[in-house]
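Below are the chains, spelled out letter by letter.
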Amino acid sequence: QGQGLATTAEDAHGHVAFWEEPMLSKNELQASCTHCHKENYLEDGPVVSRGKELFISQGCHGCHNLTGYETLPKTGPSLKRIGNKVDSSWLVSWIKEPKKHQPNTQMPDFRLQEKEAGAIAAYLISQSESKYRKPVKYDEGDAEKGQNLIRSIGCLGCHSIRGEGDSFASDLSNVGNKVKPDWLVNWLLDPQAYDSH
């Protein structure tokens, strides 16, 4: 920004003691574009546009407050029914080392000790909503038929399994170690019953 009423170029650019808003350098100049331009992509501002895209796609707004992003949906899944979905030992392991389970996850590694991860898992499960009911029980399905269905109905268009498919949605390679069988059957039958979003 600088101080336009100054009498020397140096002062006008704001590079003086105690001036909190100096003019931005050439590399940072595009940061000013968003003061007026609210659109997602600016033809003349590719750097700031890419920054905005990454801020949203990486879920930065999930943890950090920023004006204009308060109503965006969070990147991570809801934890309100996590106790119905996963086993507590898996949850502890996930909280402790998420990339061990899913190398491409956006979940950060907080470098927690086992005891800390266990405490967080215990809290999440204690807060888990108990109203969710799973009307259908898992009944030893046919794995070969399931593999054919996954390939034919388009699951691999979003999910990957053992390196095959797309990485848009979560990798399902180890889903059997993560979720409870009854939960998985009911999720496949009616995902909105568990999470309306």
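Residues numbered from 1 in each chain as written. Predicted model: local features only at pLDDT ≥ 70, side-chain atom pairs only at ≥ 80, totals over all residues. Heavy atoms only, no water.

(A) Focus on the layout of surface pockets. In this model, the second largest pocket occupies a volume close to 220 Å³. Residue lining of the second largest pocket: Lys38, Asn40, Gly51, Lys52, Phe55, Ile56, Leu66, Thr67, Gly68 and Tyr69, and that is the complete set. Here the lining of the second largest pocket is composed, by residue class, of four nonpolar, four polar and two charged. (1 Å grid on protein atoms, 1.4 Å probe; cavity = no way out; pocket = protein on both sides within 12 Å on 5 of 7 lines; lining within 4 Å. Points joined across faces, edges and corners; volume = space filled by probe spheres on them. Nonpolar A, V, L, I, M, F, W, Y, C, P; charged D, E, K, R; others polar.)

(B) Quick peek at the packing of helix H4 (residues 88-96) against helix H6 (residues 114-127). Contact pair H4 / H6: the axes reach a minimum separation of 8 Å and the direction vectors enclose 125°. By the criterion of interaxial angle, the relationship of H4 to H6 is oblique. H6 is crossed by H4, and the crossing has right-handed handedness. For the pair H4 and H6, contact is made by Ser88, Leu91, Val92, Ile95 and Lys96 and by Glu114, Ala117, Gly118, Ile120, Ala121, Leu124 and Ile125, respectively. Looking at the contact of H4 with H6 residue by residue, the class counts come to eight nonpolar, two polar and two charged. (Axes fitted to C-alpha atoms, helices over the stretch in contact; angles between N-to-C directions. Helix = DSSP H or I, 4+ residues; strand = E, 2+ residues; numbered from the N terminus. Parallel < 35°, antiparallel > 145°, perpendicular 65-115°, else oblique. Left-handed = near helix turned anticlockwise from the far one by under 90°. Contact = heavy atoms within 4.5 Å.)

(C) Representation of the pattern of salt bridges. With the rule as written, the count across this model stands at four salt bridges. The residue Glu53 makes a salt bridge to Arg50 at a minimum N-O spacing of 2.8 Å. Within this pair, Glu53 and its partner Arg50 are both found in helix H2 (residues 46-57), separated by three residues, close to a single helical turn. Note on Arg50: relative accessible area 44%, which makes it partly exposed. Its salt-bridge partner being Glu164, residue Arg151 comes within 2.7 Å of it at the nearest N-O pair. Taken together, the residues Arg151 in helix H7 (residues 143-152) and Glu164 in strand S2 (residues 164-165) connect sequence positions 13 residues apart. (Salt bridge = Lys/Arg side-chain N within 4 Å of Asp/Glu carboxyl O. Buried < 20%, exposed > 50% of the residue type's maximum accessible area, 1.4 Å probe, protein only.)

(D) Quick peek at the environment of Cys60. When you line up the elements, Cys60 lands in the loop between H2 and helix H3 (82-85). The spacing of Cys60 and Asp139 is 79 residues in sequence and 40 Å in space, taken between C-alpha atoms. Setting aside its immediate chain neighbours within four residues, Cys60 contacts Leu54 and Phe55.

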